[in-house]
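Fold and contact review
What follows is the residue order along each chain.
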Amino acid sequence: VFTISLTACDTDFDGSRTGNDREYVMEYKVLNTTDAQELTVKSGDAISAKVVSKKGSLSIKIQKEGKKPIYESDGISVSNEFEVEIDEGGVYTVEITGKRAKGSISFVVKSK
């Protein structure tokens, strides 16, 4: 578990973050930066996502290195849950960019 708390006026991140090769979870009072986590998935797995948006907006990208993103969305300002099916196994990077965002995200690999 990794926790950061900054009190400067131009805070980039104030919250908690945990991640490993099967999950990526953050709760934040302030997210005004980009963060990423690598997830290891097998063909047939799914990445189950939950986004809670209380303020600001998020951009999300899920991508295997050297490939086109399998999921990409900009300007997310509402809470949402979704699953991204994985056709090709490997290491995928989940990248989150917040703009004055407050809320939480959760990405968990689900084996089928």
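Residues numbered from 1 in each chain as written. Predicted model: local features only at pLDDT ≥ 70, side-chain atom pairs only at ≥ 80, totals over all residues. Heavy atoms only, no water.

Looking at the overall build of the protein
When its secondary structure is counted, the protein shows 0 helices and 8 strands. The order of helices and strands in the protein, counted from the N terminus, is β-β-β-β-β-β-β-β. A globule of 112 residues ought to have a C-alpha radius of gyration of about 13 Å, and the protein, at 14 Å, matches this closely. Once the C-alpha set of the protein is aligned to its principal axes, its extents read approximately 45 × 25 × 25 Å. A burial count over the protein gives 35% of its 112 residues as buried. (Helix = DSSP H or I, 4+ residues; strand = E, 2+ residues; numbered from the N terminus. Rg over C-alpha atoms; globule rule 2.2 N^0.38 Å. Buried < 20%, exposed > 50% of the residue type's maximum accessible area, 1.4 Å probe, protein only.)

A few points about the confidence of the model for the protein
For the protein, the average pLDDT comes to 92, and 91% of its residues sit at 70 or higher. Averaged pLDDT values over the elements of the protein bottom out at 50 in strand S1 (residues 2–4) and peak at 98 in strand S4 (residues 34–41). (pLDDT = per-residue confidence, 0-100.)

Here we look at the packing of aromatic side chains
Applying the stated criterion across every chain yields a total of 2 aromatic pairs. Ring geometry for Tyr24 versus Phe107: centroids 6.2 Å apart, planes at 25°, classification stacked. Highlighted residues: Tyr24 in strand S3 (residues 23–31) and Phe107 in strand S8 (residues 90–110), separated in sequence by 83 residues. Phe107 carries the same exposure label as Tyr24, and that label is buried. Summarising the aromatic geometry, the rings of Tyr71 and Phe82 are spaced 4.5 Å apart at their centres and angled 15° between planes, so their arrangement reads as stacked. One end of the pair, Tyr71, is in strand S6 (residues 71–76); the other, Phe82, is in strand S7 (residues 80–85), and 11 residues separate them in sequence. (Phe/Tyr/Trp six-rings, centres within 6.5 Å; stacked < 30°, edge-to-face > 60°.)

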